[in-house]
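# A look at the structure
In case you want the letters, here they are:
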Amino acid sequence: MSLLRLCAFSKCLNGLILLERSFCKRKVHNFLHFAEPPWKSQQRHFSAAFPKKEDGKKRLCEQSQLLDVLEARIQQLQSDVVLDVQHSKVQFVKAHKSERGASSGRNPKINSGERTEVPTSGKIVGKVAGQTGKGKDDSPSKSRWLKKLNEEKTKTKKLKKKTQELARLERKAEADALELAKVEELERKLKQWAVSVSPEHVKDNGEARAYEDVQRRVHCYLEACVFSGDIDRAGHFLLSHHRRVSRRKLLNIESYNIMMRVWAKMGSLKQIGRMFILVEEAGLKPNLSSYCAALECMGRTPNCPPRFINRVLQQIQWDGLSVDELFRHCVFRQDERDMVLKAIHTLKPDFQPSIKPILHTCSSPLVKDIYTERTDSKYPKLAFSLDELQKRFNNQLCLEQASTITINSVEALKPVTPHMVKMRDLLAEQRKVWHKTLVKALRESKAIMASSTQKVVRFSLYPYLCLMDEKEYADIMIQSLANLPPSGESLHILAKQLGVRVHNKFCILMKEQNQMVDKLNNIYNEYVELLSKDNKVLNVLPREQWQTLEAKHMSGPSLLGDECHWPHAVVLELGTYLVDLMVKHMKVNSDILNSAYNRKIIPVLYHMYTFRSNRQVGFIKPHPILTQIQQDAMETTLTFDSYVMPMLCPPVPWASAKFGAYLLTPTKLMRAVLGANQHEIQLEKCQEEELHPVLDSLTQLGNTAWRINQPLLDVIISIFNGKGSEKLDVPPPLSEAPRIPRYNQQELATYTSAEKAQLKREVINAKKKCGEMHSLRMDALYKLSIANHMRDEVFWFPHNMDFRGRTYPCPPYFNHLGSDVTRAVLVFAEGKALGPGGLDWLKIHLVNLTGLKKRSSLAGRLEYANTIMDDIMDSADNPLNGKKWWQNADEPWQALACCMEITNAIRSPDPTQFISHFPVHQDGSCNGLQHYAALGRDVIGATSVNLMPCDVPQDVYSVVAQQVEGFRVRDAEKALKVAQVLEGFINRKVVKQTVMTVVYGVTRYGGRLQIEKRLKEIDNFPKEYVWDASHYLVQQVFTSLKEMFTGTREIQDWLTESARLISKSGHTVEWVTPLGLPVIQPYHRPRTQLLKNQIQDLSLQISHDSKQPDTVKQKNAFPPNFIHSLDSTHMMLTALYCYSAGLTFVSVHDCFWTHAITVDTMNKVCREQFVALHSQPILQELSNFLLQKYCSVPPVLLAWSIKDNFFFLNIVLNGLYKPGQAIAVVGMHGQA
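These lines cover the structure that appears in this document, whether it is placed above or below. (Residues numbered from 1 in each chain as written. Predicted model: local features only at pLDDT ≥ 70, side-chain atom pairs only at ≥ 80, totals over all residues. Heavy atoms only, no water.)

Here the focus is the overall build of the protein chain. Within the protein chain, the secondary structure is distributed over 45 helices and 25 strands. Taken across its 1232 residues, the protein chain has 52% of its residues classed as buried. Total accessible area computed for the protein chain in this model is approximately 58700 Å², and 53% of it derives from carbon and sulfur atoms. (Helix = DSSP H or I, 4+ residues; strand = E, 2+ residues; numbered from the N terminus. Buried < 20%, exposed > 50% of the residue type's maximum accessible area, 1.4 Å probe, protein only. Areas by Shrake-Rupley, 256 points an atom, 1.4 Å probe, with all protein chains shown as cover.)

Written out as structure tokens, the structure reads:
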């Protein structure tokens, strides 16, 4: 027994040592935090409801100790006696202690009938229980020992069963402990990933991303509950997730902070303390927003003890934070800032938050002069007074608060018939009925959801349906019905549109609730003093002025909202729910158009399935009755979301990565697919000053004022309301669409199978043509209607960018990046005199628009324009009834607009003083190849794309065509059949598309398809040689480009192989542009997510948050995306320096626009910035960045061999490409 007790004591001793160590650690921790925060005293009241992590370990230790005691007892009973049998006698010999220990450790089991060897006098023996020997021994001693042995066996079996049960419990406890350890590890990794701020060493964390979407969904759910006033639901939801360890990982510190804000508004210090305890139990660390809520609560609490406030301030310091950081980084709502200051003033009456001075500028040498040398800067002003700009602000504010706008359609100019009036009245009446029905159905549905989900922990749509009044949801649904095409729309797209509209409206309402509008009004009214013409010129950029005014008006709410973008799943679930309401409750009488039909109630919308690319897709299609009513009504109004329209005032400058552009409508700085946020995370990690050049360039582009070219718009509308013109890119009406063949079953029975198949193809083609015509017609209708609505207004286009840095106007339909029609009707609101050379630039621009004289010099183009002045003036005077010379141009509508401008200038008293609003374009000569030629220092390639001095502009497409023709002649002499067939067919048009796209990573296969398409367009080319000829030509085109651009293919191969290696290692490709913009390629392997809904389950292909990058897309997209990022960098540099010089500047990627008088200045700035950009060690810096980010092991471990001339990661990333002398850029723009 002494051995048993000793073993048990050792086990207990080990457990006590562990507990003692845990106790000592806790004691030291408590000692370090000797000044406890005020909520610590409440921990004994609230922590009992939630099991701590140590409890599971303690229970496991106790069970293990008990199990050890029982096992020792079994071993003792089995080893107390050793059976010694000699012939027929049964003897028991006590074993030595060492033998007991050995036997107990090796073989604790003794079963009946089992042979047991016992060392007694050197003899081996017998069978148990007298089963050996020649007779039966019935001696009393034998019976007594047998009885005792049987009793011990019974006890052993019982203990064995208990041991097995305890072993099962132990395994279960171990599994629970393992699960808990995994959760703790995931939380630790998530916390490390969230607080990391160094983009160079951030590694993708799959576990963290796995919970990121769910955490955002929890955050949005709590926000919606709090906004709608359902505090109980939010609190119950948070606590229910906190109590369960498996769900606690779905909560982050921001989830707890939402409830802290609620209790802070109520002044409940007790609840704030409870939340801090929950945060500690969850293993999270309070952040600045947490302490801000605590101070706000203390500011609202009457006679709050100063020691509580002092403890909070001390805790902030212990966490390595400061009170000034709290005021700089926290987002305040309503009077939160004032309450925090009130609490601090209790201890420090003279405290005032310090304004962070902007001491650092962007580290890029490319923009050093922009921010440091401003003595010669001439920042432009707008041609508006201060009062006019303030009135425009109020108009834009009202527009965004309304969320939608209704405008007149250009089709309203058509004569109205009595039948149209009847159909319009009928449609308006039906919409009122549908609106009431939807409101009633939504209320009933919400009542059911409120009763069924009150105590359910799962996510529910109920809070999202309480954000607005039911009538506003019904308005959104009716608007979607009006925009539904006759052919229907996929459920996914329609649901997304509805969900996004609700989200945008929610963001605007939240900003109004937070009292942000009044503060925005005050700051904006002072901001436009910088832009108005009746104030002096200041050497301050718009962003800097806005940040100064924000610091000046620091009291009150923050302009930067902290609302979270809804996850993709939430948007689609909400939208699908609204679509389901529309399908179920919007009805119409079947005899509404024809009283001869039997009356019955039929749905207005139908849910059906169709196939798209071999996939079954849910579709929402309107009933033919609704389509007929809408077509006959020909309504004169269109309803759009407010963000679709251009702004009526200058946009808010981009002051940070989260705030800019529209006044209230949420806008992302960097565009991304719905639900993706990896780009936002990258931008947040950047130092603020490094983004200043990008933000300032976007602000400059958005500050350009526009107006409508009214005479040209009237010409376009007249053709649009007629029969349209496919030649002039004006879509015809649906009345011009081909008729869909109709047939009955009797006629069909007489057709052969071939005739039936032909008829089916005709029906499909006719329906496809009708659908295409409707889409083009509606697109043109939207653009022209918006232009007609803005015909007497001055307006602005706010800008943002994609992940590569390429800039785009935010309004989606009508902007200067559109087609020839939309570009033609846009002119600068500010006019400038043509000056001595402006008229010549207008003429050269007109010749460029015609597509003629591409190989002529500028002087040759000007001379040609002077010879066709009669045609130019005839086009301006009689665009539809004259010679119609303008209709043969490559860009006919822009050519007509230029003809009108030239004619007006010539007829003016003094053309040099003519005020011109017309934008003159300077387009790049195959811009991608320009960057490759500069990177590789290819003199021949640089000459072909106008980077080197030449007497006449070079055309790279013609040069390639000439080289390919030379290859063809050589091969034809060698009797190559395909080369002989191609004689006379190789021209610029055949090779242009392939040459243009080779810089963007087109493969030989893709290039062959492009050339094949061009060859098929040639009528007299033998069709049987199309494949062989295209295969031959694509090889010759690639060979020609390789000879002309010697470094281009090597650079492309290096970029491609680097991206392949990076993506193979499980990372996405990232880099930083020379202007400091971080770029990350958003290509991942898609995963399928199933959304279950009543109307239909949606299968989503989610690719933005997948763990594994798509290697093929990553490597193929890296070269073109890198060139695009350089192109955008050059454009932004040109925009910044043009703004500093006082120029009006806008861009369409590599096509730059300005006034005619400032073309020479813009060209000079463009060339200077191109040279400055490529004078930087671009590839060397890229090499250093990739090595630092992805090569975490010593380079020797990455020294792979070189195969097929590929530049592998470790070798080429060390900088094989180093910059040489700057190229003398002469003819970049305006020459081709």
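What follows concerns the environment of phenylalanine 640. Position of phenylalanine 640 relative to the elements: it lies in strand 9 (residues 637-641). Separated by 235 residues in the primary sequence, phenylalanine 640 and isoleucine 405 have C-alpha atoms spaced 5.4 Å apart. Not counting residues up to four positions away in its chain, the partners in contact with phenylalanine 640 are Ser403, Thr404, Ile405, Ile407, Gln479, Met645, Tyr782, Ile786 and Tyr813. (Contact = heavy atoms within 4.5 Å.)

Our focus in this paragraph is the side chain of glutamine 922. Looking at the element boundaries, glutamine 922 is found in strand 19 (residues 920-923). Taking the relative accessible area as the measure of exposure, glutamine 922 reaches 1% and is therefore buried. Here the side chain of glutamine 922 touches asparagine 1163 through a polar contact of 3.0 Å, side chain to side chain. (Polar contact = N/O pair within 3.5 Å; in protein donor to acceptor, adjacent residues only side chain to side chain.)

It is worth spelling out the sheet that holds strand 25 (residues 1151-1154) at this point. Within the open sheet, the three strands sit side by side as 19-25-24. Their pairing is antiparallel. One side of each edge strand has no neighbouring strand; the edge strands of this open sheet are strand 19 and strand 24 (1146-1148). Direction aside, neighbouring strands of the sheet carry axes that sit 25 degrees apart on average. Where strand 19 and strand 25 come together, four bridges link them in antiparallel fashion. Bridging from a neighbouring strand, glutamine 922 pairs with phenylalanine 1152 of strand 25. Contacts from helix 43 (residues 1159-1174) reach strand 19 and strand 25 within the one sheet, and its direction differs from that of strand 25 by about 145 degrees. (Pairing = 2+ DSSP bridges. Axes fitted to C-alpha atoms, helices over the stretch in contact; angles between N-to-C directions.)

What follows deals with the packing of aromatic side chains. All told, the structure shown has 33 aromatic pairs when counted by the stated rule. A centroid spacing of 5.9 Å and a plane angle of 55 degrees characterise the contact between phenylalanine 384 and tryptophan 796, whose relative ring orientation is tilted. Taken together, the residues phenylalanine 384 in the loop between helix 15 (368-372) and helix 16 (386-402) and tryptophan 796 in strand 13 (residues 795-796) connect sequence positions 412 residues apart. Neither residue differs from the other here; phenylalanine 384 and tryptophan 796 are each classed as buried. Their ring planes at 75 degrees and their centres at 6.2 Å tell us that tryptophan 706 and tryptophan 1153 sit as a pair that is edge-to-face. Of the two residues, tryptophan 706 sits in strand 12 (residues 705-708) while tryptophan 1153 sits in strand 25, which places them 447 residues apart along the sequence. Take tryptophan 706: its relative accessible area is 0%, and that puts it in the buried class. Through a chain of ring-to-ring contacts, three or more aromatic side chains come together here, namely Tyr221, Phe227, Phe237, Phe459, Tyr464, Phe506 and Trp566. (Phe/Tyr/Trp six-rings, centres within 6.5 Å; stacked < 30°, edge-to-face > 60°.)

Under the defined criterion, the tally for this structure stands at 38 salt bridges. In this structure, arginine 1060 and glutamate 1057 form a salt bridge, with 2.6 Å as the shortest nitrogen-oxygen distance. Highlighted residues: arginine 1060 and glutamate 1057, both in helix 41 (residues 1046-1064), separated by three residues, approximately one helical turn. What makes glutamate 1057 buried here is its relative accessible area of 6%. Ionic contacts of the salt-bridge type, sharing partners, join the residues Arg261, Lys265, Glu296, Arg300, Asp335 and Glu336 into one network. (Salt bridge = Lys/Arg side-chain N within 4 Å of Asp/Glu carboxyl O.)

Evaluation of the coordinates by the stated rule reveals 13 cavities of 30 Å³ or more. Taken as a whole, the second largest cavity spans an internal volume of roughly 90 Å³. Every residue lining the second largest cavity is listed: Leu929, Val998, Val999, Phe1038, Leu1041, Lys1042, Phe1045, Thr1048, Arg1049 and Gln1052. Every element with two or more residues in the lining of the second largest cavity is listed here: helix 40 (1026-1044) and helix 41. Here the lining of the second largest cavity is built from residues that sort into six nonpolar, two polar and two charged. (1 Å grid on protein atoms, 1.4 Å probe; cavity = no way out; pocket = protein on both sides within 12 Å on 5 of 7 lines; lining within 4 Å. Points joined across faces, edges and corners; volume = space filled by probe spheres on them. Nonpolar A, V, L, I, M, F, W, Y, C, P; charged D, E, K, R; others polar.)

This part is about a positive patch on the surface. On the surface, Lys157, Lys158, Lys161 and Lys162 cluster together into a patch of positive charge. Here lysine 162 is to be found in helix 5 (residues 140-195). Its relative accessible area of 52% is what places lysine 162 among the exposed residues. (Patch = residues over 30% accessible without salt bridge, like charges linked within 9 Å, V, L, I, M, F, W, Y side chains within 5 Å. Lys, Arg positive; Asp, Glu negative; His and termini not counted. Charge placed at Lys NZ, Arg CZ, Asp CG, Glu CD.)

Bringing unusual backbone geometry into the picture now. Positioned with a positive phi, alanine 661 is a non-glycine residue whose angle comes to about 75 degrees. Non-glycine residue aspartate 729 carries a positive phi angle of around 65 degrees. Looking at the secondary structure, you find aspartate 729 in the loop between helix 26 (710-720) and helix 27 (745-749).

Note on terminology: a disulfide is the covalent bond linking the sulfur atoms of two cysteines. By the definition in use, this model includes zero disulfides. Looking at cysteine 1166, it has no disulfide partner, and the nearest cysteine sulfur is the one in cysteine 1138, 8.3 Å off. Since its relative accessible area comes to 1%, cysteine 1166 is described here as buried. (Disulfide = S-S within 2.5 Å.)

Moving on, we come to the packing of helix 41 against helix 42 (residues 1111-1140). Helix-helix packing is described using two parameters, namely the angle between the two axes and the distance between the axes. Remark: helix 41 packs on helix 42, axes separated minimally by 8 Å, with the N-to-C direction vectors making an angle of 140 degrees. In this view, helix 41 runs oblique relative to helix 42, as classed from their interaxial angle. Crossing geometry of helix 41 relative to helix 42 is assigned as right-handed. Facing Gln1052, Leu1055, Thr1056, Ala1059, Arg1060, Ser1063 and Lys1064 of helix 41, the residues of helix 42 in contact are Thr1111, Gln1114, Lys1115, Phe1118, Pro1119 and Phe1122. Partitioning the contact of helix 41 with helix 42 into residue classes produces five nonpolar, five polar and three charged. (Parallel < 35°, antiparallel > 145°, perpendicular 65-115°, else oblique. Left-handed = near helix turned anticlockwise from the far one by under 90°.)

What follows covers a negative patch on the surface. Residues Asp387, Glu388, Glu529 and Asp534 make up a contiguous surface patch of negative charge. According to the relative accessible area criterion, aspartate 534 is partly exposed, its value standing at 47%.

Right, let's talk about the environment of glycine 618 for a bit. Relative to the elements of secondary structure, glycine 618 occurs in strand 8 (residues 615-622). Look at glycine 618 and you get buried, because its relative accessible area is 3%. For the pair formed by glycine 618 and leucine 1098, sequence separation is 480 residues and the distance between their alpha carbons is 8.3 Å. Setting aside chain neighbours within four positions, we find glycine 618 in contact with Ser490, Leu491, His607, Met608, Tyr609 and Gln1096.

Strand order in the open sheet made by the three strands is 4-8-7, with antiparallel pairing throughout. Strand pairing shows two members of the sheet lacking a second neighbour, strand 4 (489-490) and strand 7 (605-612), which therefore form its edges.

Once that is clear, we can look at the pairing of strand 8. Taken together, the two bridges between strand 4 and strand 8 define a ladder with antiparallel strand orientation. Within the sheet, the bridge partner assigned to glutamate 489 lies in strand 8 and is isoleucine 620. Taken together, the eight bridges between strand 7 and strand 8 define a ladder with antiparallel strand orientation. The residue bridging threonine 610 from the neighbouring strand is valine 617, located in strand 8. From the end of strand 7 to the start of strand 8, which pair antiparallel, there are two residues, and serine 613 there has a positive phi angle of about 55 degrees.

Following the sequence through the fold, aspartate 580 ends up in helix 22 (residues 568-585). On the accessibility criterion, aspartate 580 (8% relative accessible area) is buried. Setting aside residues no more than four positions away along its own chain, aspartate 580 makes contact with Gln1094 and Ile1095.

We now examine the environment of cysteine 686. Structurally, cysteine 686 can be placed in the loop between helix 24 (678-685) and helix 25 (692-702). Distance from cysteine 686 to leucine 1077, taken between C-alpha atoms, is 8.4 Å for residues 391 residues apart in sequence. Beyond its immediate sequence surroundings of up to four residues, cysteine 686 is in contact with Leu691 and Pro1078.

A word on the nonpolar core. If you look at the biggest cluster of nonpolar residues, it comprises 130 residues, and the most contacted ones within it are Trp546 and Phe1122. When residues of this core are assigned to their parent elements, the largest contribution, 12 residues, is made by helix 42. Once residues lying within four places of it in the same chain are set aside, the contact partners of phenylalanine 1122 are Leu935, Leu1055, Trp1071, Ile1178, Leu1179 and Leu1182. Of all hydrophobic cores here, the second largest spans 110 residues; its members include Tyr291, Leu481, Cys564 and Met586. (Core = buried A, V, L, I, M, F, W, Y, C linked by side-chain atoms within 4.5 Å.)

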